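Survey of secondary and tertiary structure
What follows is the residue order along each chain.
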Amino acid sequence: KGGGGAVVAPPKGSAYEKSVLIWSGQFQHGLYGGDLPTVRAMGLVNMSPRAIVDLLVDSSRVHEYNKMSLGRTDVLVLQNNFEEEGSPFPGITKVVQSESQPPLLRKRLQFVTLMHARRLEGGNGYIIVSRAVTRGEEPVDVKPGDILRSEILMGINIILDVEGDENRAIMINQNHIRSPMVPLFIAKKIGLAAAEGFFDDIRALRST
């Protein structure tokens, strides 16, 4: 870390600027989803932390950085302002529904997720946390068998300020996803490819 809680990043133009560090493993808690793979990725993005978080919470822009996405809609917006006065939980909080089509699967994956975004304590970046929620029985707009109801057991995006450059950020992502009937080796392969592709697509946005 540098002064004020910001992190020190590789210099512009270095080979590390385009790299992505990826880890995969399993949680050892023995609870729900503990047998499923989780993937963590970290890399540098040449965008300001606020621009990244604004991109990620805007459901209308998901297709810009997620090529597997078939769309995401806001189901319920609880709060939509990082500076909400008088709120004990400042930030953006909403329930979203999304669908995606991974390349190795014939079925579409559907997620209903509670998303919360806020500034980190100390003000040196942002965090977005996503967790699956259920809304009980409801009609689905696709034929039975065409879709897999899936769950984001834990999704975390940490976007950190870079010392001396407000237009760069270090981003750390972790995803733990459950999709029924998807074999573990396929789930891991999809997770690893998605983790790297996520950085590639966001970096491509900055260069256009």
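Presented here is an overview of the structure given in this document. (Residues numbered from 1 in each chain as written. Predicted model: local features only at pLDDT ≥ 70, side-chain atom pairs only at ≥ 80, totals over all residues. Heavy atoms only, no water.)

1. Comments concerning the pattern of salt bridges
In plain terms, the rule: Each salt bridge in this description consists of a side-chain nitrogen of Lys or Arg and a carboxyl oxygen of Asp or Glu lying within 4 Å of one another. For helices the rule is a DSSP run of H or I covering at least 4 residues; for strands it is a run of E covering at least 2, with both sets numbered from the N terminus onward.
Tallied over the entire structure, the rule returns 7 salt bridges. Here Asp165 and Lys12 are joined by a salt bridge, their closest N and O atoms 3.6 Å apart. Here the residue Asp165 occupies a position in strand β8 (residues 165-178), and Lys12 occupies one in the segment before β1 (20-25), the gap between them amounting to 153 residues. Salt-bridge contacts for Glu99 lead to Arg108; the nearest nitrogen and oxygen are separated by 2.8 Å.

2. As for the environment of Arg149
Convention followed: The cut-offs for exposure are 20% and 50% of the maximum accessible area for each residue type, with area from a 1.4 Å probe on protein chains only; residues under the lower value are buried, those over the upper are exposed, and the others partly exposed. N or O atoms closer than or at 3.5 Å make up a polar contact, with two conditions inside protein: a donor-capable atom paired with an acceptor-capable one, and, for residues adjacent in sequence, both atoms drawn from side chains.
The topology assignment puts Arg149 in strand β7 (residues 147-162). Exposure remark for Arg149: the relative accessible area of 37% places this residue in the partly exposed category. Taking the C-alpha atoms as reference points, Arg149 and Val112, 37 residues apart in sequence, are found 8.5 Å from one another. Within polar-contact distance, the side chain of Arg149 engages the side chain of Gln110 at 2.7 Å.

3. Description of the pairing of strand β4 (residues 91-100)
Basically, it comes down to this: Two strands pair under a simple rule: DSSP has to find at least two bridges between them.
Burial within β4 is extensive, with 9 of its 10 residues counted as buried. Of the pairings in the sheet, the one linking strand β3 (residues 69-81) to β4 comprises 10 bridges and is antiparallel in character. Across the sheet, the residue bridging to Arg72 is Ser98, located in β4. Summarising the sheet, β4 and strand β5 (residues 108-119) pair through 9 bridges and their orientation is antiparallel.

4. Some points on the pairing of strand β2 (residues 38-45)
Within β2, 6 of the 8 residues are buried, which leaves the element mostly enclosed by the surrounding structure. Relative to β2, β1 runs antiparallel, the two sharing 6 bridges. Note on β2: the bridge partner recorded for Ile22 is Ala41. In the sheet, β2 pairs with β8 via 8 bridges, with the strands oriented antiparallel. Looking at β8, one finds that Thr38 is bridged to His176.

5. Re a nonpolar patch on the surface
Our working rule: Patch membership needs two things, relative accessible area over 30% and no salt bridge, and members are linked within 9 Å if like-charged or within 5 Å if nonpolar (Val, Leu, Ile, Met, Phe, Trp, Tyr). A 1.4 Å probe and the Shrake-Rupley method give the accessible areas. Residues count as covered only by the protein chains that appear here.
Together, Val75, Leu76, Leu78, Leu114 and Val133 give the surface a local cluster of nonpolar side chains, amounting to about 370 Å² of exposed area. Ranked by residue count, the leading element in the nonpolar patch is β3, at 3 residues. Checked against the element boundaries, Val75 lands in strand β3.

6. Some thoughts on the packing of aromatic side chains
How two aromatic rings sit relative to each other is given by the distance of their centres and the angle of their planes. Our working rule: Pairing of aromatic side chains here covers Phe, Tyr and the six-membered ring of Trp, requires ring centres within 6.5 Å, and sorts the geometry by plane angle: under 30 degrees stacked, over 60 edge-to-face, intermediate tilted. Only Lys NZ and Arg CZ are tested; either one counts as a charge over a ring when it is within 6 Å of the ring centre and within 35 degrees of the ring normal.
Under the counting rule described, the total for this entry stands at 2 aromatic pairs. A connected cluster of aromatic rings, assembled from ring pairs, spans Tyr65, Phe198 and Phe199. We note Arg40 situated over the ring of Trp23; from NZ or CZ to the ring centre the distance is 5.2 Å. A cation sits over an aromatic face here: Arg119 above Tyr126, 4.6 Å from the ring centre.

7. Some words on the side chain of Glu17
Note the cut-off: What makes two residues a contact is simply this: any of their non-hydrogen atoms within 4.5 Å.
As for its placement among the helices and strands, Glu17 is situated in the segment before β1. Using a relative accessible area of 12% as the deciding quantity, one classes Glu17 as buried. When near neighbours in sequence (up to four residues on either side) are disregarded, Glu17 contacts Lys12, Leu44, Asn46, Arg168 and Arg203.

8. Notes on the nonpolar core
Rules: In plain words, nonpolar cores are sets of buried Ala, Val, Leu, Ile, Met, Phe, Trp, Tyr and Cys residues tied together by side-chain atoms within 4.5 Å.
Grouped together as the largest cluster of nonpolar side chains are 25 residues, with contacts concentrated most on Ile52, Leu56, Ile128, Met171 and Ile202. Taken together, the elements giving at least two residues each to this core come down to β2, α1 (49-57), β5, β6 (125-132), β8 and α2 (184-207). Of the residues forming this core, the biggest block, 5 residues, is contributed by α1. Setting aside anything within four residues of it in sequence, one finds Ile52 in contact with Val45, Met47, Ile159, Ala169 and Met171. Membership of the second largest hydrophobic core comes to 9 residues, among which are Ala9, Ile127, Ile170 and Ile172.

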